[in-house]
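# Descriptive structure summary
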Amino acid sequence: MEAAIKGALVRRATLYKDISSPLLAQLEVLAGQHGLDAKGIATAFDKFLTTSSATVGGLLGGSTSGSAATTAQPSQRISPYLSKQTPRPGSAAKPRTPASSGKFRERLQGGEVQAVLNSHIQAPAERMDVDAAGACCEVEVLGAALRADAKYMMNRIEDKVDHLERRLTGLEEALEARGLELTSVAYAAQDQTVFVGRVCCDTEEGRLNQESALLEGSVRSSQGARVRLDLSRCPTFRLFPGQVVAVKGTNPSGQCIVASEVVGGLPLPMPTTSLQQKAAHASATGKRGLSAVIAAGPFTSSEDLGYEALHALLAHCSRTRPDLLLLVGPFVDAEHPAVRGGLLEETFDEVFEGQVMGQLAAFIGANSGTRVMLLPAVRDVHHHPVFPQPPLPPSQGEPPVTNLPSPATVRCNEVVVGCSSADWLVACSGQEISRTAGQTDRLAALASHLISQRSYMPMFPPPASLPLDSANSPALELPCTPDLLVLPSDLQPFAKLVPLPATTLAAPVAEAAAAPALVAGAHAPSAGTEAAPMETDSAAAAGQQAGAGAPVRVGSEGSVVCINPGRLVKGTNGGTFAHVYIPPSPEALALLAGQPASTNSPLPHRVDQRCRVEIRKI
């Protein structure tokens, strides 16, 4: 045993080649007392020397007699860069059964519903009138999603300029299509007019406030000029750095725009689907409708890498049998103490394959009717730390999962789901300045920025923790306004309805004709083949009925369902996840019952009126 312990220590560091025999004898005794093998006692002793200057008797809480106590010699100290964190117990190469951690196992109120959206809609008890042997959910990725072989680290200044210019000209063209005449931000204007620009701060490293706000115009219309933005006469606004806005006001001197109204962008139309397609999806899912479970990492307690939280989530899915399981990273978290401290006995890929994919393989084998989708995060140490982020690469023997890029816009049957692993809510809450009339729901307001800006990351410069690659910035753009917007965050979990913002600038006129082109062809995540464009909602009728100058809600009437499922694990304690139920639309059920079709035109999804969202404790 002593030779095995010495061999395990030498494999960790050559400094252990001169370790004394009495010390090896004590380690052998302690290994027997605590049921450890040679590799386990070597790992514990290495960690002990790194984090403590006590005697060997303190190793693993054990005790030895005074004659046996030996103080660690300075020459035996290794790996001084390691973090002082508790190592992961055990040393199995690819454990498939999660090991319980104390505090997570002792969590209270597991499975309890913390919050409900649309509580008047009843959740189905079990899967009904559907063959559970096959998946009922069709999945297609929409828009310019990043491919698995996407290149990065080519973030040139030209790419950053193109990224900002494309966003500015996009809003300019949308407003011009509505019949508005725009003015350069640098031109003097005594009468009320409309300016388009990007909100920025007057100092490079300063913090945005009402006194430091500038408006930067596009190269196309303003040659990139910057002028001061006076918000003193603007009754309401919500601004953050990088936001592309339309400002109604005057510019008396050409140096300062006095704003009377600030419009934080225009949302894209919401998607629609023909009644026949809705009926086909309703026939596949039955009266139960679409059921989806959404969870965001970390998926294991900070005490170990046993992934017991993931095991508990999959147990819930085995009971409820959802059609869709969306897991958002990090899966192997760079902030986990064992990862950050360099205490792993396996590679990052081995942890992911053994713990995450191993459990998913067993789950999919027993629940073939559930479609599993994985979306990575920049904190995943086994994947590329860049945003936008390519999908996880397929591995040999991998269970049939759908790997998505981050961010991703996905059509699940007729429902369009948008998801990003970047914590937008935390990033925007620390940078946003606002003036509001009365009480407002701030979390819903933060989420609405993504809808208005048509982007999953409209902040520029981006948060310091987010490695934004402007060369791949087209992948950040929303192809349409999604029905469900999933924004995992460290903030309080919630499920809210976010109305489409209204503006008094102009009624939509020409964008309706181009609406079908706003959604790029859908393609499968692996093959990348193009499919038929998705139909989108026409906004022309709504604009004509509202009348010129009246507040107009762009796109179809309705709201986006915004969900923050929270983190599945918070430190050593259990966190939350979301369970979404979307029954079929009444029109689809009527058509299946043999009633004649009420219309031949595409219909809005109205997911906000017919879905139930539960935020549950794990």
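Below: a short report on this structure. (Residues numbered from 1 in each chain as written. Predicted model: local features only at pLDDT ≥ 70, side-chain atom pairs only at ≥ 80, totals over all residues. Heavy atoms only, no water.)

Pairing analysis gives 3 bridges linking strand 4 (residues 213–216) to strand 5 (residues 226–230), with the strands arranged antiparallel. Residue pairing for strand 5: glutamate 216 is matched across the bridge by arginine 226. Bridging between strand 5 and strand 8 (residues 256–263) involves 3 bridges; their strand directions are parallel. Bridging across to strand 8, aspartate 230 finds its partner in valine 258. (Pairing = 2+ DSSP bridges. Helix = DSSP H or I, 4+ residues; strand = E, 2+ residues; numbered from the N terminus.)

It is worth spelling out the side chain of serine 473 at this point. Looking at the secondary structure, you find serine 473 in the loop between helix 12 (442–453) and strand 17 (484–486). The exposure class assigned to serine 473 is buried, which follows from its relative accessible area of 3%. A distance of 3.4 Å separates the side chain of serine 473 from the side chain of histidine 163, its partner in a polar contact. Not counting residues up to four positions away in its chain, the partners in contact with serine 473 are His163 and Arg166. (Buried < 20%, exposed > 50% of the residue type's maximum accessible area, 1.4 Å probe, protein only. Polar contact = N/O pair within 3.5 Å; in protein donor to acceptor, adjacent residues only side chain to side chain. Contact = heavy atoms within 4.5 Å.)

On to the packing of helix 8 (residues 308–320) against helix 10 (residues 348–366). Interhelical geometry of helix 8 versus helix 10 gives an angle of 15° and a closest axis separation of 11 Å. In terms of their interaxial angle, helix 8 and helix 10 are classed as roughly parallel. The chirality of how helix 8 crosses helix 10 is right-handed. Taken together, the residues of helix 10 that come into contact with helix 8 (itself represented by Leu310, His311, Leu314, Cys317 and Ser318) are Gln355, Val356, Gln359, Leu360 and Phe363. Residues belonging to the contact of helix 8 with helix 10 are distributed by class as follows: 6 nonpolar, 4 polar and no charged. (Axes fitted to C-alpha atoms, helices over the stretch in contact; angles between N-to-C directions. Parallel < 35°, antiparallel > 145°, perpendicular 65-115°, else oblique. Left-handed = near helix turned anticlockwise from the far one by under 90°. Nonpolar A, V, L, I, M, F, W, Y, C, P; charged D, E, K, R; others polar.)

Attention shifts here to the sheet that holds strand 21 (residues 559–564). Spatial strand order, 2-14-15-17-21-18: 6 strands in an open sheet with mixed pairing. Every other strand in the sheet has two partners, leaving strand 2 (139–142) and strand 18 (494–499) as the edge strands with one partner each. Strand-to-strand twist of the sheet, defined as the mean angle between neighbouring strand axes without regard to direction, takes the value 25°. Strand direction decides the pairing type here: strand 14 (residues 408–412) and strand 15 (residues 415–419), joined by 5 bridges, are antiparallel.

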